[in-house]
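Secondary and tertiary structure notes
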Amino acid sequence: MYPIVLLSVLGIVTLFLGFSKSKNILLPSTLLFLAVALAGNFLEWNQGPLLYFYDMFRVDNLTLAFNGIVLASAFMIVAISGGFQDNAEAEPAEYYSLMLFSLVGAIMMIGFEHLIMLFIGVEILSVAMYVLTGSNKRNLRSNEAALKYFLMGAFATGIMLFGITLLYGATGSFDLTTIQAFVSTTQQAVPSYLLYAGLLLLMIGMLFKVSAAPFHFWTPDVYEGAPTIFTTYMSTIVKTAGFAALYRLLSHSFTGIYGFWWIVIAVIAILTLMVGNIGAVTQNSFKRMMAYSGISHAGYLLIALTALSKPTQNAIVFYSMAYSLSTIAAFGVLMLVSKEKTLEGQPDERYDAFNGLAKQNPFLAFVMTVAMLSLAGIPLTAGFWGKFFVFSSAADRGIIWVPAVAVLMSTVGIYYYFRVIIASYLKEGDIAEIRVAPFYKIVLILATVLTILFGLAPGLLEGLI
Amino acid sequence: MLTLLLILLPIVAGVITLTVGANSAKQVALIGALAELGLALFVWSQFDPAAGVQFAFKYNWLASAGISFGAGLDGISLVLVLLTAFLTPLIILSTFGHTYKNGSAFYSLILFMSAALVGVFSATDAFLFYLFFEAALIPVYFLAAVWGGENRLKVTFKFFIYTMFGSLFMLVALIYLYYQTPGTHTSDITAFYQLQLSAKSQGFVFWAFFVAFAIKMPLFPFHTWQPDTYTESPTPATMLLSGIMLKMGVYGLIRLLLPIVPLGLETWGLLAVILSVIGIIYGSIIAIQQRDMKRLIAYSSFAHVGLMAAGVFAFSITGLQGAIIQMLAHGINVVGLFFVIDIILDRTKTRNLDQLGGITQMAPQLSVYFMILLLGSVALPLTNGFVGEFLLLSSVFAFNSWLGAIAGVTIILGSVYMLRLFQMSMFGPKSKWAEGFKDLTLSERAVLLPLVIMVLWIGIYPGTFLSISEPAVKNLLQLVGK
């Protein structure tokens, strides 16, 4: 609960800091605020399930773990944003405060105990993201992305609200525990179709946010159009929060009608895997590939959700963490490389931009390679164990065909992730030595070391939650 | 503990090689590989064939999930570990005539590869096996992709994706098996042996394993990556691929497929043997047509591994023992042959048989070594190839006499393409490419001599090696009640 209060207050403080002449203060202060929030988050560790705000918000170790991932990712992303020093038109104070506010939304989504809380969380997160997507205001693609994201997002939110309304109609409550009681008693005796419809619509709204197919159409354009730093933010924080919310919703309230929704999620998972992986193959732009790769990773996470077995919780936490680490590292390197090279006035974000990276910048090439290996799920990286846990959770339920398709698709994944590695190590190119700021370097090292560390010792954090 | 040392030593040597400069990388890597060989020989001297898995090491990796870092050696493992330890220093020594740019990276990758291979052969935990199985791929991929020929990027990429695709199926099968184990689940391979799976699920697991290992070996029809990859890779990588890595597939069949899904093998074994036999004949016929020497050996290797697989699928003590001794023999022969071809390429700048000829006059020593290795490969009695092929063919014959007869043709076809290779390159009028051909240097002799000694040793007294694996093979057969 502390991070909600802290971030709300500190977000406003950040806005005021924007009035000061010195823009240099913003970056360190935002990092400090995030560190404070992160520390505050873990104050409640092992305090048992606590309910706040008239029983609308729940704090347990799972909430705190997801909060930890989200806040740590935000910390790393802010650290590599570099204070937007090189962009005269940027408004760092506004960006940072929006980021802090949006984290409040993410945390509400993670810990909601009441559907209204979920809705408010989704809105807080989304509205901030719409603005940040369009923050490069003179850029056509950025504007297009923001508008597209906003229109589609607003529509999805509407559908979600509709779903919540129907659920209220069926059960008479917004409260997850009450709904759970209804599902396991009344629903079993007299099935209410209103409830089914409500759940479906609610799920559709949420699946839109995590960019699952067939609700993914906004993703490639928005990810590509948004400034890379906010693409990173979207693809890690929004996705983690979205899956945390989906997991809480389904595992808490709807296990009673597992037979109804699991097949829906399974089909969507397979569709998402196919769209994500096959879509990524045809891309020439690395950034757009990462958008499709984000879609495909939503597919893997959905597999864990489909099973909803004992290992699922661990699988989702671990996978979100592994995915966030690698994504931050990959986009971090992309930002450095594309800043150096331009193509028709735009940053060059194609695979070819990485040609010959390893020659002058072995460090960046290595970071990129580890990130790609992890996303591809090659052993001895965190990403491998993420996939392993996901497949395990499906196997625990006895579902074999979904992981079998996923395996086929992850072979496709190797194809496009390796293109970057090949470009940086094996192709000829002329990239001068890129200067990496110390803070930036620390983040990249941290992401790489953690990816390898969790690859070697996946049990490190096990049993904590 | 010794097993762990066997795995760690090449890694440590590899890291040291990486840190010393490019100038001394060769020597450091060679010393590391020789130390590994010494350690392996020491392990052999301490090894008791009858005592089952020895030198075991177990460290709880994911304690709650029952996944451990478990390694140990039984007879079957030890033979292959010895092969790896024996070939690695020779492969490193074989490069002494070349200079590779970024030498330290090159040699450390070879050592990392050999660590992963030892890991595969000694893992007693299924997930550890999988990890090493995959990990072996990465160094050899970079060896081939960075130091390979013109089309290397395309070819190695296909190779990588192809083999990755196969092993992922194995992963699904392993996860499935893991969830079938009782209690809190364990991934110990011996626990998998105890599972009583239904015939239907055994069928699925059979195919998952089959695809994984058939791609790695490769068996028909999963072989399309192999000739290109062997041809485009730099010779040391080709040696690693054909000499040792191919054996991972055969070893996987013996260690995982046979004992875990015997019922699946009963249902599908005939089809598997038929595919293997098709590979033998198909590979041999294509080999006869080849002009490129490296490609010729690549196809011959494809044919040989088909015979090994057929013997394994026949599932008898002769078949398994034949496959194990043949793995040893094939590893030695193929590394020797690739090296001879590399020597010829180095001096004449061509691998094309049409352009070669008359080397015998210039290089008598090379001809002798070449001939002995080649005869080993065509399975002449008293050479190492004979023992393996004889045992393998007799097991396939016992399995199904028609298939045995067809597979037997390999002996004839094998001598056709091998003798043709020798005749066209070494005999005949001296071609202009062979002008000024120098005979072997000291370091080249140092590679070929141990290989040739092994060809004759295994050919004359195979008992040394057969006795290592025999109790383990019997044990395996007993396990499934054969």
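Fair warning: this is a prediction, and the values are worked out from it, not measured in the lab.

1. Here's the deal with the confidence of the model for chain A
Per-residue pLDDT for chain A averages 89, and the proportion of residues at 70 or more is 98%. When mean pLDDT is taken per element in chain A, helix α5 (residues 115–133) of chain A scores highest with 94 and strand β3 (residues 342–343) of chain A scores lowest with 72.

2. Let's talk about the domain arrangement of chain B
Residue and element names in this part refer to chain B. Each assigned domain of chain B is listed here: domain 1 (1–260) and domain 2 (262–482). Listed per partner, the contact involves 56 residues of domain 1 and 57 residues of domain 2. Summed over both partners, the interface of domain 1 with domain 2 buries about 4900 Å², with 79% contributed by carbon and sulfur atoms. Run the count over domain 1 and domain 2 and you get one salt bridge. For D228, the salt bridge identified is with R295, shortest N-O distance 2.9 Å. Remark: the boundary between domain 1 and domain 2 carries eight residue pairs in polar contact (both at pLDDT 80 or more). Listed by contribution, the elements that provide at least two residues to the side of domain 1 that touches domain 2 are α3 (75–94), α9 (199–216), α10 (226–232) and α11 (235–260). Top contributing element to the side of domain 1 that touches domain 2 by residue count: α11, with 15 residues. For the side of domain 1 that touches domain 2, a count of residues per class yields 40 nonpolar, 13 polar and three charged.

3. Brief notes about the packing of aromatic side chains
Note on aromatic pairs: each is described by the distance of the centres and the angle between the planes. Residue and element names in this part refer to chain A. With the rule as written, the count across this model stands at 68 aromatic pairs over all chains. Each ring, one from Y130 and one from Y149, has its centre 5.1 Å from the other, and the planes form 85°; the classification is edge-to-face. A residue pair is termed long-range when its members are at least 10 positions apart, and Y130 in helix α5 and Y149 in helix α6 (residues 140–171) qualify at 19 residues. Pair check on accessibility: Y130 and Y149 agree, each one buried.

4. A closer look at the pattern of salt bridges
Summed over the entire model, instances satisfying the criterion amount to 17 salt bridges over all chains. Between D60 of chain A and R248 of chain A there is a salt bridge, and its shortest N-O distance comes to 3.4 Å. Within this pair, whereas D60 of chain A is found in the loop between β2 (57–59) and α3 (61–81), its partner R248 of chain A is found in helix α11 (residues 228–253), the two being separated by 188 residues in sequence. Look at D60 of chain A and you get buried, because its relative accessible area is 16%. Between R351 of chain B and D292 of chain B there is a salt bridge whose closest N-O contact spans 3.0 Å. Here R351 of chain B, found in the loop between α14 (317–348) and α15 (359–362), pairs with D292 of chain B, found in the loop between α12 (262–289) and α13 (293–314); they are 59 residues apart in sequence, far enough to count as distant. One network of salt bridges, with partners in common, ties together R141, E144, K148, D221, E224 and R288 of chain A.

5. Remarks on the packing of helix α2 (residues 25–46) of chain B against helix α4 (residues 103–122) of chain B
Residue and element names in this part refer to chain B. At their nearest, the axes of α2 and α4 sit 8 Å apart, and the two run at 15° to each other. The orientation of α2 relative to α4 falls into the category roughly parallel. Relative to α4, the crossing made by α2 is right-handed. Packed against α2, whose contacting residues are A25, K26, A29, A33 and E36, the element α4 presents G103, S104, Y107, L111 and V118 at the interface. Looking at the contact of α2 with α4 residue by residue, the classes come out as six nonpolar, two polar and two charged.

6. Observations regarding the interface of chain B and chain A
Taken together, the contacts link 28 residues of chain B with 32 residues of chain A. Note on chain B versus chain A: buried area summed over both sides is about 2700 Å², and carbon and sulfur give 86% of it. Three residues stand out in chain B for area buried against chain A, namely L62, F157 and Y179 of chain B, and they jointly supply 20% of the buried area on that side. The tally of links from chain B across to chain A stands at zero salt bridges.

7. Quick word on helix α16 (residues 362–376) of chain A
Residue and element names in this part refer to chain A. Between its first and last C-alpha atoms α16 spans 21 Å; for 15 residues at 1.5 Å apiece the expected length is 21 Å, and the two agree. Of all 15 residues that make up α16, twelve are buried, and the element is covered over most of its length. Where α16 is buried, its residues touch α13 (286–307), α14 (312–340), α15 (357–360), α17 (382–397), α18 (401–426) and α19 (438–456). A positive phi of about 80° marks G377, the residue just after α16.

8. With respect to the packing of α14 of chain A against α19 of chain A
Residues and elements named next belong to chain A. Across the interface, α14 lies against α19 with an axial gap of 9 Å and an inter-helix angle of 145°. In this structure, the crossing between α14 and α19 has a hand that is left-handed. On α19, the residues that touch F318, M321, L325, S326, I328, A329, G332, V333, M335 and L336 of α14 are Y440, V443, L444, A447, L450, T451 and F454. Class assignment for the residues of the contact of α14 with α19 results in 14 nonpolar, three polar and no charged.

9. Description of unusual backbone geometry
Residue and element names in this part refer to chain B. With an omega of -5°, the peptide bond between M217 and P218 qualifies as cis. Considering the arrangement of structural elements, one finds P218 in the loop between α9 and α10. Look at the link from F220 to P221: it is a cis peptide, with omega at -5°. Within the secondary structure layout, P221 lies in the loop between α9 and α10. If you check the backbone angles, N102 has positive phi at about 55° while not being a glycine. Locating N102 in the fold gives a position in the loop between α3 and α4. Its identity as a non-glycine residue notwithstanding, F315 has a phi of 60°, on the positive side. Secondary-structure assignment places F315 in the loop between α13 and α14. Owing to a relative accessible area of 5%, F315 belongs among the buried residues under this scheme.

10. As for the pairing of strand β2 (residues 67–73) of chain B
Residue and element names in this part refer to chain B. Most of β2 is tucked away, with seven of its seven residues classed as buried. Residue alternation in β2 divides its side chains into two sets, I67, F69, A71 and L73 and S68, G70 and G72, and both sets are buried. Both strand β1 (residues 54–62) and β2 contribute to a ladder of six bridges, which runs antiparallel. Paired with Y59 across the two strands is F69, which belongs to β2.

Rules used throughout
Residues numbered from 1 in each chain as written. Chains lettered and ligands numbered in written order. Predicted model: local features only at pLDDT ≥ 70, side-chain atom pairs only at ≥ 80, totals over all residues. Heavy atoms only, no water. pLDDT = per-residue confidence, 0-100. Helix = DSSP H or I, 4+ residues; strand = E, 2+ residues; numbered from the N terminus. Domains from an automatic or database assignment. Contact = heavy atoms within 4.5 Å. Buried area = accessible area lost by both parts, 1.4 Å probe. Salt bridge = Lys/Arg side-chain N within 4 Å of Asp/Glu carboxyl O. Polar contact = N/O pair within 3.5 Å; in protein donor to acceptor, adjacent residues only side chain to side chain. Nonpolar A, V, L, I, M, F, W, Y, C, P; charged D, E, K, R; others polar. Phe/Tyr/Trp six-rings, centres within 6.5 Å; stacked < 30°, edge-to-face > 60°. Buried < 20%, exposed > 50% of the residue type's maximum accessible area, 1.4 Å probe, protein only. Axes fitted to C-alpha atoms, helices over the stretch in contact; angles between N-to-C directions. Parallel < 35°, antiparallel > 145°, perpendicular 65-115°, else oblique. Left-handed = near helix turned anticlockwise from the far one by under 90°. Expected span 1.5 Å × (residues − 1). Pairing = 2+ DSSP bridges.

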